[in-house]
Amino acid sequence: MQTEELVQQLVAQGPKKRWLHPGKAALGLLAFMLVYYGLIVGFSNFRTDLAVKFKEPLYLLEVGCAFLSGLTALFAANWLALPDVGQRPHIRFLPFLPLGALLGLQLYMMSPLSWDALYECLKLELYMPTVRIMLYGLFPAAIVFFVMEKAAPIRCCWAGSMAALAVACFGYILLRLTDGMDDPMRVAMWYFMPVGLMAVVGMMAGGMTLKRVWR
Amino acid sequence: MAGHQWKENNLDKEDIELAEKMRRAQAGDGGAYAALLKELIPILKGFLYSRLGNRADNEDILQNALLAIHRSSHTYNTERSFKAWMFSIAEYKVKDFLRAHYRHAAVGWDDFDSVKDFIAAPVTEERGSGEDVQEMLKELPEKSRRIVYMMKVDDFSAAEVAEKLGMSVSAVKVAAHRAYKTLLAKGRPKRNQDAD
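Note that the structure is a prediction, hence the values are computed from the model and not measured. Per chain, residue numbering runs from 1 following the sequence as it is written. Throughout, the order in which chains and ligands are written sets their labels, letters from A for the former and numbers from 1 for the latter. Selection of residues for local features in this predicted model requires a pLDDT of at least 70, selection of side-chain atom pairs for listing and counting requires 80 or more, and totals for whole chains, interfaces and linings are taken over all residues. Note that the side-chain values use all heavy atoms of the structure and ignore hydrogens as well as water.

As for the overall build of chain A
Part 1: Strands here mean DSSP runs of E at least two residues long; helices mean DSSP runs of H or I at least four residues long; both are numbered from the N terminus. From N to C terminus, chain A includes nine helices and zero strands.
Part 2: Secondary structure elements in chain A, listed N-terminal to C-terminal, are α-α-α-α-α-α-α-α-α.
Part 3: Principal-axis analysis of the C-alpha atoms places the extent of chain A at approximately 70 × 35 × 25 Å.
Part 4: Between buried and exposed lies partly exposed: a residue is buried under 20% and exposed over 50% of the maximum accessible area for its type, with that area taken using a 1.4 Å probe on protein chains only. Every one of the 215 residues in chain A was classed for burial, and the buried ones make up 50%.
Part 5: Should any heavy atoms of two residues lie within 4.5 Å, those residues are considered in contact. The contacts of chain A with a sequence gap of at least 6 include a subset with a gap of at least 24, amounting to 86%.
Part 6: Where accessible areas are quoted, they stem from the Shrake-Rupley method and a 1.4 Å probe; at the residue level, only the protein chains shown are allowed to cover. About 10600 Å² of surface is accessible on chain A, with carbon and sulfur atoms providing 70% of the total.

Below, the structure is given as structure tokens:
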């Protein structure tokens, strides 16, 4: 086919209507996730000592950092769903700031770090929090991926990673609001590390699934 | 342009004009969209030439880039640079092409031109290499066989084959590459026998 014929065909189809601004898409997805995780919390019930925990600055800081990580990851994912994300290159690094703060907080709360304690914690094999974060996150992750697919991501792995990170961070907050486990090492190992794991899984999923618009 | 916040820092006049055409196209102006796409052709050709040099495939890649720009036209936000958006997409299609190209180069893509001679060779009573290739072609799946004939005997480009068969260009290229690999693998033991 000649290029001119292709152009005529494309003109006949016409351009698509403008997609949502990534900020608006992120806010919409945030509202959805707050409702979704709110419903899960409603069924699971808050932890009995939540009122006491809210008076602890470190606990509030931890939940706040997790929320900021999820929020910025959601924004980053929606910006990364655009082909010209290079016009806002700093956005994909934004989630690492609150995430780094959260990691620092975990390390601070675990200090002094003991390899024996770490080994004992590993032996506990508390896989349920990991499984819960992943299972609760499947539906919102599917919704976020669906929205991103409607755009035109070029950096598909990054976009998938940010989407999964956002979902995992909200799952982390859910567990901290409903589970009574407060041991810093267990929280770091069985709540926080799955967040990183999900980001990696999201990266792989993004690389496989987000390229449909280009096919 | 009244009512639109143009961030004119670092945007040249051409960028602003293209962005305005795209804004009108997104609002439903078909004429603006036609003018925009026609204006993009020489820009993209220059871009492809600077990236890939003067290649026979440039027309295919140009069409792929135009198609990609069309399919992702909804993601352009008129507050941002149009050229940066467009070149991001074009760069992505160039990388796509190079990825596929270097995969094919590993199996000696140019060697398969000789398949055309074998396929077109007349059938004779004496068993010749043309008949061998005909038999090997029959063992291919029907779609792959059709693609090989269309590309190597009828001399259609990948884009033309894709249009006729209702497939994407990349799917045609992948299917052709697999078919050539199969033919080469089947032909190698026979050539070694003949050499002995």
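Back to the write-up after that little detour.
Some details on unusual backbone geometry
Residues and elements named next belong to chain A.
Part 1: For the bond from serine 111 to proline 112, the omega torsion is -5°, close enough to zero to count as cis.
Part 2: Its place among the elements puts proline 112 in the loop between α5 (96-110) and α6 (115-124).
Part 3: One non-glycine residue, asparagine 45, lies in positive phi territory at about 75°.
Part 4: Looking at the element boundaries, asparagine 45 is found in the loop between α2 (22-44) and α3 (50-53).

Some points on the state of the cysteines
Residue and element names in this part refer to chain A.
Part 1: Throughout, disulfides are identified as pairs of cysteine sulfur atoms within 2.5 Å of each other. Taken as a whole, this structure holds zero disulfides over all chains when the rule is applied.
Part 2: Just so you know, cysteine 65 is unpaired, no disulfide at all, and the nearest cysteine sulfur is the one on cysteine 169, 10 Å from it.
Part 3: What makes cysteine 65 buried here is its relative accessible area of 11%.
Part 4: Note on cysteine 156: no disulfide assigned, nearest cysteine sulfur contributed by cysteine 157 at a separation of 6.8 Å.

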